[in-house]
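Structure at a glance
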Amino acid sequence: MKKRISFDQKLFHSVYFHKMLIAMTPSFIVDGVLIYRLVFRLLDNQAKGIGPLFVDFGLLLVMNAILLKSIPVILYFVQRSLLRQSFVIVEPDKVIFRKRLLVMYEFDYGYVHFHEYHLTVIDSFKKRGDGSLVVKGNFKARCLLEDGEQETDLRKGELRPRICNRKICRIPAVFRDMEHLEEKLIDITAK
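Heads up: these notes are all about the structure in this document.

**A few points about the packing of helix α1 (residues 9-23) against helix α2 (residues 25-44)**
- At their nearest, the axes of α1 and α2 sit 4 Å apart, and the two run at 45° to each other. Comparing their axes, α2 and α1 come out oblique. Touching L21, I22 and A23 of α1 are T25, P26 and F28, all from α2.
- The class makeup of the residues in the contact of α1 with α2 is five nonpolar, one polar and no charged.

Structure below.
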């Protein structure tokens, strides 16, 4: 029986939101230093004018937000968008993981948009601390275009489907029913 496992927003948030906050820690430290400097300059600046101090403070906060806080937030939403388009299919004899890749310029039709891993023979797999599954073995990853059609390569004068050889496949813990997927991988590994 074929079962499709799709993306779960709550699982993604529980895994990646903390990573985003950790990546923003340097920005929070800079905010603390800026507030500390503002308070002590206000205490030293008896009646000389506080307008320029607040303007400088505001500009530094905006620059900090643009430079240090925006990058982790952008990466969070890009990763969420990519994983929303990814999915796992569990079949009786194999697991198929279709992973959406980051494509910077989608109007060029030669880009690979998906890698489709067919996990039929697994050497080993382990569950990482964040819940993701790292599967090892020799896998064929089909390169797919945006519409799901197989990308072709011109080799030796004929068009052949483009297939990459991979040794590791990482399935993030953002899909519903990860326990069922883990059980299926244990069954395939035992064969």
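That covers the picture; the talk isn't over yet.
**Some thoughts on a nonpolar patch on the surface**
- On the surface, a nonpolar cluster with roughly 600 Å² of combined accessible area is contributed by V30, L60, V62, M63, I66, L67 and L68.
- Among the elements that make up the nonpolar patch, the one with the highest residue count is helix α3 (residues 51-84) (six residues).
- Along the chain, the position of I66 falls in helix α3.
- Residue classification places I66 among the exposed residues on the basis of a relative accessible area of 55%.

**Looking at the pattern of salt bridges**
- By the definition in use, this model includes eight salt bridges.
- In this structure, E182 engages K127 in a salt bridge whose closest nitrogen and oxygen atoms are separated by 3.5 Å. In this pair, E182 is assigned in helix α4 (residues 178-190) and K127 in strand β5 (residues 124-127), connecting sequence segments 55 residues apart.
- As a salt-bridge pair, D130 and R170 come within 3.5 Å of each other at their nearest N and O atoms. Of the two residues, D130 is situated in the loop between β5 and β6 (133-144) and R170 in strand β9 (residues 163-171); the sequence distance between them amounts to 40 residues.
- Under the relative-accessibility criterion, D130 is labelled partly exposed at 26%.
- Note on R170: relative accessible area 31%, which makes it partly exposed.

Analysis parameters
- Going along each chain's sequence as written, the residues are numbered from 1 onward.
- Under the rules for a predicted model, residues below a pLDDT of 70 receive no local features and side-chain atom pairs below 80 are neither given nor counted, while totals for whole chains, interfaces and linings still include all residues.
- Remark: hydrogens and water are excluded; side-chain values derive from all non-hydrogen atoms of the structure.
- Axis definition: a line fit to C-alpha positions, over the contact stretch in the case of helices; interaxial angles, taken between N-to-C directions, run 0 to 180 degrees.
- Secondary structure counts use DSSP, requiring at least four H or I residues in a row for a helix and at least two E residues in a row for a strand, with both numbered from the N terminus.
- Throughout, the term roughly parallel applies to angles under 35 degrees, roughly antiparallel to angles over 145, roughly perpendicular to angles from 65 to 115, and oblique to all others.
- In this analysis, two residues are considered to be in contact whenever any of their non-hydrogen atoms come within 4.5 Å of each other.
- Three categories are distinguished: nonpolar for Ala, Val, Leu, Ile, Met, Phe, Trp, Tyr, Cys and Pro, charged for Asp, Glu, Lys and Arg, and polar for the others, with Gly belonging to the last.
- Each patch is built from residues lacking any salt bridge and having more than 30% relative accessible area; the joining distance is 9 Å for like charges and 5 Å for nonpolar side chains (Val, Leu, Ile, Met, Phe, Trp, Tyr).
- Working definition of accessibility: Shrake-Rupley area with a 1.4 Å probe, residue cover restricted to the visible protein chains.
- A side-chain nitrogen of Lys or Arg and a carboxyl oxygen of Asp or Glu constitute a salt bridge if their distance falls within 4 Å.
- Think of it in three bands: with a 1.4 Å probe and only protein chains considered, a residue is buried below 20% of the maximum accessible area for its type, exposed above 50%, and partly exposed in between.

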